[in-house]
Amino acid sequence: MGGLDFLEKVDIFKELDKDQLKAVNKGGREKQYLYGDRLFAEGENADRIWLVIDGQVDLRFDLPGRATSEENTIFSITTLQTLGWSSFVPPFKYALSAYSATKSCKILQIDKDHLLQCFEKDPRMGLKFMTNVAEITSGHFDQLQESASVSPVARVKITVHMSTCGIAAGARQVMSALVEEISRSDRPDIEVASSGCIGQCKTEPNITVEIGGGEPVIYQKMTPDKMRQIFQKHILGGEVQKGYILND
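Owing to the predicted nature of the structure, the values given are computational and were not obtained by experimental measurement.

> Would you mind showing me how to read the sheet that holds strand β8 (residues 104-111) here?
Strand pairs in the sheet, formed through backbone hydrogen bonds, run parallel or antiparallel to each other. The strand order across the open sheet built from four strands is β1-β8-β3-β6, with neighbouring strands paired in antiparallel fashion. Edge positions in the sheet fall to β1 (28-34) and β6 (82-83), since each of these pairs with one other strand and no more. For strand β3 (residues 48-54) and β8, the ladder comprises six bridges, and the chain directions are antiparallel. Bridge pairing links tryptophan 50 to glutamine 109 in β8. The sheet strands contacting helix α3 (residues 112-121) are β3 and β8, and the helix crosses β8 at an angle near 50°.

Pasting the structure below:
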């Protein structure tokens, strides 16, 4: 069940004191989901956080016109973990869709507006919370870097630079578009990785493309549509998109 004992163990509320947790708890509401139920969809406005009390939630990219599949799972969130931290990271949209992955999944929802009111009254609480959000996002992208490889010996490597500035500029949406294109291409020789800032914050989101051991090509100011174009024309077609190259 939810409550203070539960909240003090949740990753996103680490180091909050009892009074702060009591304030958070006032805005919580429990909800039950069954296997296959969708909690939220990619692209929807992110307006709350979702805490897993019991069960598992899969975060997936959904392909247009196709039913959801466990094969499209990017992350799995289990008991005492949080999803929906996109509510506090621009552009405040869910970057992936969330589905209940167990027979029954119990969730505690807390609206973003309630939390913002708490932070306005107690700024130190907001600082602790956002520090925890940064740690969680970093851990997720580390997990993505470890698991995103399609092949252990890849001829093509695509790196999405996922620093804080990159994420704020839309790097997560670029990554989602890239993963979607790879899933459609059926190419076993493409490796996806994430890394930190390359020192060009004004040109984020940046990606680096390396093909067959050749010179890396760094693209700047990426969007999902630009990522799809680069994938189709450069990765699959061998035509470097010179208009998007960094400092071109």
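After that view of the structure, there is still more to cover.
> Quick question: what am I supposed to make of the sheet that holds strand β10 (residues 190-195) here?
Spatially, the four strands line up as an open sheet ordered β10-β9-β11-β12, and their pairing is mixed. Only two strands of the sheet have a single neighbouring strand rather than two, namely β10 and β12 (217-219). Averaged over all neighbouring strand pairs, the angle between strand axes comes to 20°, with direction disregarded. Here five bridges tie strand β9 (residues 156-161) to strand β11 (residues 207-211), and the two strands are oriented antiparallel to one another. Paired with valine 160 across the two strands is isoleucine 207, which belongs to β11. Sitting on the sheet, helix α6 (residues 171-185) touches β9, β10 and β11, and the angle it makes with β10 is about 170°. Against the sheet, helix α7 (residues 224-235) engages β9, β10, β11 and β12, with an angle of about 15° to β11.

> What am I meant to see in the side chain of lysine 112 here?
If you trace the backbone, lysine 112 turns up in helix α3. Here lysine 112 is buried and forms no salt bridge, its nearest opposite-charge partner aspartate 113 lying at an N-O distance of 6.2 Å. The residues contacting lysine 112, other than those within four sequence positions of it, are Ala46, Asp47, Arg48, Ser87, Phe88 and Phe92.

Conventions used here
Residues numbered from 1 in each chain as written. Predicted model: local features only at pLDDT ≥ 70, side-chain atom pairs only at ≥ 80, totals over all residues. Heavy atoms only, no water. Pairing = 2+ DSSP bridges. Helix = DSSP H or I, 4+ residues; strand = E, 2+ residues; numbered from the N terminus. Contact = heavy atoms within 4.5 Å. Axes fitted to C-alpha atoms, helices over the stretch in contact; angles between N-to-C directions. Buried < 20%, exposed > 50% of the residue type's maximum accessible area, 1.4 Å probe, protein only. Lys, Arg positive; Asp, Glu negative; His and termini not counted. Salt bridge = Lys/Arg side-chain N within 4 Å of Asp/Glu carboxyl O.

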